[in-house]
Amino acid sequence: VHEVPPSLSAKVVGSFAYLTIRDRLPTILTKVIDTIHRNKNKFFEEYGEEGIHAEKQAISLLSKLRNELQTDKPVLPLTDDQQDTESWNQYLQRQQRLQGDQESVSWFKSPWLYVECYMYRKIQEALLLNPPISDFDVFNEGKTQSYFESQRAIMALCTYLEGIKKNMEELSKNQLFEHFNKFLQASLWGNKCDLSISAGQENSQKTSPIESLSSLQPFVLVDDSNLVWSTLISAQRPGQTGMTSASRVDIVLDNAGFELVTDLVLADFLVSSGLARQIHFHGKSFPWFVSDVTANDFQWTIRQTMAANHKWMSKSGVQWQHFVKEGVWCYHDHPFWTQPHEFCDMAADAPDLYASLQGADLALFKGDLNYRKLTGDRDWDHTVSFNAALRGFGPAPLCSLRTLKANVQVGLQPGQGEKLTSNDPNWMTSGKYAIIQFYSQKSE
Ligand code: F6P
Ligand code: MG
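Residues numbered from 1 in each chain as written. Chains lettered and ligands numbered in written order. Predicted model: local features only at pLDDT ≥ 70, side-chain atom pairs only at ≥ 80, totals over all residues.

**Q** Hey, could you run me through the sheet that holds strand β2 (residues 248-252) in this one?
**A** Sheet strands line up and pair through hydrogen bonds in the backbone, either parallel or antiparallel. With mixed pairing, 7 strands are arranged side by side in an open sheet as β1-β7-β6-β5-β2-β3-β4. In this open sheet, the two strands that pair with only one neighbour each are β1 (220-223) and β4 (329-333). Shown here is a sheet whose adjacent strand axes are inclined to one another by a mean of 15°, direction ignored. Here β1 pairs with strand β7 (residues 434-439) via 3 bridges, running parallel. If you follow aspartate 223 over to β7, its bridge partner there is isoleucine 436. (Pairing = 2+ DSSP bridges. Helix = DSSP H or I, 4+ residues; strand = E, 2+ residues; numbered from the N terminus. Axes fitted to C-alpha atoms, helices over the stretch in contact; angles between N-to-C directions.)

**Q** It is not clear to me how the nonpolar core should be interpreted in this structure. Could you clarify?
**A** A general tendency of soluble globular proteins is for nonpolar side chains to be buried together. Counting 116 residues, the largest nonpolar core has Leu157, Val265 and Leu364 as its most contacted members. Per-element accounting of this core gives the leading share, 12 residues, to helix α5 (residues 112-128). Looking at which domains feed residues into this core, each of domain 1 (16-133) and domain 2 (140-443) gives three or more. Each residue touching leucine 157, except ones within four places of it in the same chain, is listed here: Ala186, Pro209, Ile210, Val261, Thr262 and Val265. (Core = buried A, V, L, I, M, F, W, Y, C linked by C-beta atoms within 7 Å. Buried ≥ 20, exposed ≤ 12 C-beta atoms within 10 Å, placed from the backbone. Domains from an automatic or database assignment. Contact = placed C-beta atoms within 7 Å.)

**Q** Where do I start with the domain arrangement of the protein in this structure?
**A** Accessible area lost upon the coming together of the parts is a frequently used measure of interface size. Segmenting the protein into domains produces domain 1 (16-133) and domain 2 (140-443). The distance between the C-alpha centroids of domain 1 and domain 2 comes to 29 Å. Taken together, the contact pairs 20 residues of domain 1 with 16 residues of domain 2. Breaking the side of domain 1 that touches domain 2 down by element, the ones donating at least two residues are α1 (16-38), α4 (85-99) and α5. Among the elements that take part in the side of domain 1 that touches domain 2, α5 stands out by supplying 8 residues, more than any other. Within the side of domain 1 that touches domain 2, the residues separate by chemical class into 11 nonpolar, 5 polar and 4 charged. (Nonpolar A, V, L, I, M, F, W, Y, C, P; charged D, E, K, R; others polar.)

What follows is the structure, encoded as structure tokens:
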């Protein structure tokens, strides 16, 4: 049994958490303020003077928030009236108890994971308190832009997918495994394209994703793709017509734009090849960490791909829409995904979500933030096992597909972390390295 290490925090001056809170978060808030301001005319056209008033009020709340962050003021309870408000405020009390009464929960002293999540919820609060603009997605422009800027890579990926689907029946098991690996890796590296690490700077995919996969292989620090494959194969149960697959794969989504397309392509391949019967996608219920997928982004991306002026792209899009209509694919959101909890709290704090994930034969967790939550965003030794860091979380066999953008990494070989640090001191935060890290209770 391992002692649980402390949460990463901006308390450690100079750490990545510290730099994120000092530099990156205020930049993101400034961009949000700017976006709301630039949309002033739109709000006026839609809601008249009320719209202008809402714009002013929201901006003033957000400027106040930025100031509180920069001067390390105490974190305040939420004042809106949503389904999740109470549980956020309880979580604040929980943090306060953990920290003791000596000092308040504040931006630079408390866990980075908590205060960073809190910032996105406070942005939501500023909009919710100003009803005419409460549905406005302050990150929408960036997300759609990153989709359009990745258009060529999307075309290449869809063309590749449709090419393989043409003679799927003739593939040997080995060939199927090779293709599976390619789509899994495309989805993995798709995670490089998130907008929060660059504080919303342009970060799209320009080159053909499939061609660059082999040159990226050396940067995959943990590669459990064999275990993911064998999980899918062993979940296959014989059906009426020979081997029909009965497995359900859940994908806990991360970013919109190119990454989402790589996830949809992987999901299409899994279903079309018979490796999975059903895919459950999990997204966010409000705009989150700049580029994360909401229901609106999910639908928009499928419609956009469908309507593309490119044969294979539109063919893929039409297929995806069909999967959604038929219920082969379904999209869910749950308030837990936009809360600050470590996933080891899920069974107690969101038992309905935990129970629903238990229905999956495999759950894929995309991206860095999900990895931080899987491991509790703690200062683990790199050689601690993934299982130990999960601290009992394991509703289903699960796999993290993540490019490294925060300083937490477990499950490495002895010496591997030290070697990386001496060759490339920023290996944990540059997004240059990645992991395919699997855990199943059955494999223990
Ligand atoms: O600091 C960079 C950061 O904002 C992290 O806080 C977060 O873990 C990551 O970017 C978001 O990345 P992803 O979209 O892969 O979860
Ligand atoms: Mg993200």
